[in-house]
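Analysis of the macromolecular model
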Amino acid sequence: MMNVSSILKALEKSCLQKIFCSHLVTRSGGLPLPFVPSSPPLDVTDLEELQDFISSSEKLFVLTGAGVSTESGIPDYRSEEVGLYARTNQRPIQYSDFVRSAKNRQRYWARSFVGWPRFSSFQPNAGHFALSELEKLGKLHWLVTQNVDALHTKAGSRRMTELHGCLYRIICLECGSLTSRFDLQKRFEALNPGWNEEGHGVAPDGDTFLTDEQVYSGYRFILTAHEKNIPIAIVNIGPTRANHLASIKVTQRCGEVLSRIVTFC
């Protein structure tokens with residue numbers, strides 16, 4: 001397992017030859033979900049450039065964000081017009097607020113309790129499976145995901161770092177013991193036998209609504225790669241803060257793009 005420090009050191013030593021950032025996807029039939037932004041038809045030239053980028057790499061480093069799970073049914077926060085920030089005033093709880101206030105923790109776990117059955121039922125999509133296949137083919141050296149949904153694991157990815165942890169594993173703030181989220185759900189159910197509240201919507205962090213800042217953590221890998229002159233490719237619908245650092249930018253859904261690329265690897 002590579003942690004953040006070891007990944008950054010590998011980038012600094014140029015041990016990872018290329019960076020590939022993937023975000024938004026489509027369902028396998030090609031029909032977009034309501035919270036996946038529209039995109040232009042796939043440009044064949046862009047696809048060929050990305051294919052060459054991946055084919056010529058011996059140690060491909062992949063970074064994924066919330067958008068890669070949208071086809072699976074999990075909306076992201078920041079997509080223009082269709083992300084949760086655009087469709088609701090609700091915001092995810094910050095870690096500092098979570099640890100500081102018992103009331104905030106109760107609020108979070110109440111919403112998580114309601115949302116867990118649906119959140120845990122989501123399955124990988126074409127993008128997740130394509131990245132898993134690239135790993136099996138020996139093309140993907142390491143995957144870093146900012147997601148906590150475990151969909152890369154469900155798809156079979158093993159050479160991976162979950163940058164923000166995983167909702168399927170719960171660590172006690174007092175004793176540090178590790179608990180399965182499914183086991184915790186059973187404890188919640190036993191302690192709240194009369195609870196029958198229904199959730200309305202789900203978020204990338206598993207939070208559920210009972211009734212503008214950007215993530216910076218993954219960007220550090222892109223900055224380090226750029227400083228070391230490591231080529232960068234981005235597949236994303238809409239702009240990213242790293243666009244100006246990438247040598248290749250494909251404005252299309254990852255499910256479609258990656259499934260085609262895997263076919264030729």
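For clarity, every value in this text was computed on a predicted model and none was experimentally measured.

Two elements in contact, helix α5 (residues 102–119) and helix α8 (residues 181–191), have axes separated by 11 Å at closest approach and are oriented at 110 degrees. With respect to their mutual orientation, α5 and α8 come out roughly perpendicular. Like other packed secondary-structure pairs, α5 and α8 cross with a definite hand, here left-handed. Together, Trp109, Ser112, Phe113, Trp116 and Pro117 of α5 and Arg181, Phe182, Leu184, Gln185, Phe188 and Glu189 of α8 make up the contact between the two elements. Of the residues contributing to the contact of α5 with α8, the split by class is seven nonpolar, two polar and two charged.

Given a rise of 1.5 Å per residue, 18 residues ought to cover 26 Å, and the 24 Å separating the end C-alpha atoms of α5 matches this to within 8%. Among the residues making up α5, those that are buried are Tyr108, Arg111, Ser112, Phe113, Val114, Gly115, Trp116 and Phe119. The inward-facing, buried residues of α5 contact α4 (95–100) and α8. At the N-terminal boundary of α5, the capping side chain belongs to Ser101, with an oxygen 3.3 Å from the backbone nitrogen of Lys103.

Another point: the pairing of strand β7 (residues 232–235). Judged by which residues are buried, β7 turns out to be covered on both faces: Ile232 and Ile234 on one side and Ala233 and Val235 on the other are all buried. Across three bridges, β7 lies against strand β8 (residues 248–250) in parallel orientation. Note on β8: the bridge partner recorded for Ile234 is Lys249.

Summarising the model, the protein chain shows a mean pLDDT of 81, and 75% of its residues fall at 70 or more. Strand β1 (residues 18–22) is the least confidently modelled element of the protein chain, averaging 60 in pLDDT, while helix α7 (residues 151–155) averages 98, the highest of any element. This stretch, residues 23–30, has a pLDDT under 50; its non-local contacts, to residues over four places away or in other chains, come to 41 contacts.

About the criteria used
Residues numbered from 1 in each chain as written. Predicted model: local features only at pLDDT ≥ 70, side-chain atom pairs only at ≥ 80, totals over all residues. Heavy atoms only, no water. Axes fitted to C-alpha atoms, helices over the stretch in contact; angles between N-to-C directions. Helix = DSSP H or I, 4+ residues; strand = E, 2+ residues; numbered from the N terminus. Parallel < 35°, antiparallel > 145°, perpendicular 65-115°, else oblique. Left-handed = near helix turned anticlockwise from the far one by under 90°. Contact = heavy atoms within 4.5 Å. Nonpolar A, V, L, I, M, F, W, Y, C, P; charged D, E, K, R; others polar. Expected span 1.5 Å × (residues − 1). Buried < 20%, exposed > 50% of the residue type's maximum accessible area, 1.4 Å probe, protein only. Polar contact = N/O pair within 3.5 Å; in protein donor to acceptor, adjacent residues only side chain to side chain. Pairing = 2+ DSSP bridges. pLDDT = per-residue confidence, 0-100.

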